[in-house]
Amino acid sequence: MPKLHQLEQLIVIPQLSKWFIISLVVGILSGIGSAALLVSLEWSSNWRESHLWIISLLPLGGFLSGWIYHQFGKRVEAGNNLLLEEIYNPKDIIPLRMAPLVLFGTDLTHFFGGSAGREGTALQIAASLADRLTKIFHFKQADRRILLMAGLSGGFASVFGTPLAGSIFGLEVLAIGTIQHNALFPCLIAAVVGDRVTLMLGLHHTAYRHAPVIPTITFIGMISAIVAGAIFGIVAMIFAKLTHKISHIFQEKISYPPLRPAIGGVIVALAVWAVGTTKYIGLGIPTIVDAFNTQLPPWDFAGKIAFTALTLGAGFKGGEVTPLFYIGATLGNALSLILALPAPLLAAMGFVAVFGGAANTPIASTLMGIELFGLESGVFIGIACVASYVFSGHAGIYKAQRIGSGKYHFMAVQEGQSLATQTLEAARTVEKND
């Protein structure tokens, strides 16, 4: 045994060298994919805002997106949940068509005026491109699992410009309460390289205002941060459950898949006309920026929840994370009216904490907050992210996410099952009790 430990470094070096090269390639592919996504989304969003009449054609865009997936994308329609399932139980190489399909589908959503994000698209592009290496290197299950995790990290880091958060996200998102450390090195390299490639291609990420003054940690300040985090977590849970519920209703009531986003598009377009503003559709980045600079209407977060849950639940393509940033930043802005913390700080806390609660990734969200808003805000951001994670319960935006370890030591949960299975069993228990 002592001799084995003396030889560990000799064994590790060639393996790390191999994974450095593989992760480098994954990072390059992720960066290129995210750059294409960011450029196309910027064009789609700008064109829509300059030609608002296009929103009236959102039902047509929804039908087109649904028809394309119905004809050519049934195998990849599960999106991020397919990626998580393949990481847990590797079976088939992810079809390469996932990348162009999700890119085109997301562009259609934003072009016609749906409310969605971009993270899910970036992850799917990165992972589907990275899985091409499985054929080249003939990876076994364990290595392919790490390859896909590196793809998740590279996609997340490159689309948001947060390499540290991205590296942990690829590890943390798989299962609540557990992290697979043997994939840390590949995920870190893929995240750093992916971020750098996107920047080298001339893409720049949105710069958000840092809180000008960070208060000293006091008892009142700590309690305020915990209360804010608890509210962020409850709102994250509401968003996740509402989105899944709407999706279930559309699937149950509408048998022909292309009609789901078409009908959803009718409702969203009418809602845009009814509220008289486009601030709740698209990525919503201008409103996110405003949340750090001025007092916004306290109901903005609820508007974004409704529009995004309906858009994604009806079957439009796109991610959840940027809308979660919007929800969190505007909710934090609203909470500044009642909590003893500055509005820019609460907006920053909400920005990452609602995402952390919905994705069950408190460490990645804390690191993202530090990368985006500075180390000075780190303690408040960390408290909010952990509280949000605790109060969001065993729910989340990714139904294929597993429960690796329960969130509470005093409450037993069935570890190892997916959130979808856990929700189904809970519903059956309620029915039996009734």
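You'll find the structure just up there.
Residues numbered from 1 in each chain as written. Predicted model: local features only at pLDDT ≥ 70, side-chain atom pairs only at ≥ 80, totals over all residues. Heavy atoms only, no water.

Asks: Break down the overall build of the protein for me, with residues and values.
Replies: A tally of helices and strands in the protein yields 18 helices and two strands. Once the C-alpha set of the protein is aligned to its principal axes, its extents read approximately 70 × 60 × 55 Å. When burial is assessed residue by residue, the protein has 57% of its 434 residues classed as buried. Put simply, 76% of the contacts in the protein that link residues at least 6 apart link residues at least 24 apart. Distance between charge centres in the protein, computed from 27 positive and 23 negative side chains, equals 6 Å. (Helix = DSSP H or I, 4+ residues; strand = E, 2+ residues; numbered from the N terminus. Buried < 20%, exposed > 50% of the residue type's maximum accessible area, 1.4 Å probe, protein only. Contact = heavy atoms within 4.5 Å. Lys, Arg positive; Asp, Glu negative; His and termini not counted. Charge placed at Lys NZ, Arg CZ, Asp CG, Glu CD.)

Asks: Describe the pattern of salt bridges, naming the residues involved and giving the relevant values.
Replies: The final tally for this structure, using the stated rule, is seven salt bridges. Glu49 is paired through a salt bridge with Arg48; the nearest N and O atoms lie 3.1 Å apart. For Arg402, the salt bridge is made with Glu85, and the minimal N-O distance between the two is 3.5 Å. With a gap of 317 residues between them, Arg402 in strand β2 (residues 402-403) and Glu85 in helix α3 (residues 80-88) connect regions that are remote in the sequence. Judged by relative accessible area, Glu85 falls into the partly exposed class, the value being 33%. (Salt bridge = Lys/Arg side-chain N within 4 Å of Asp/Glu carboxyl O.)

Asks: Describe the state of the cysteines, and please don't skip the residues or the numbers.
Replies: Under the defined criterion, the tally for this structure stands at zero disulfides. You can see Cys187 has no disulfide; the closest cysteine sulfur is in Cys385, sitting 20 Å from it. Take Cys385: its relative accessible area is 0%, and that puts it in the buried class. (Disulfide = S-S within 2.5 Å.)

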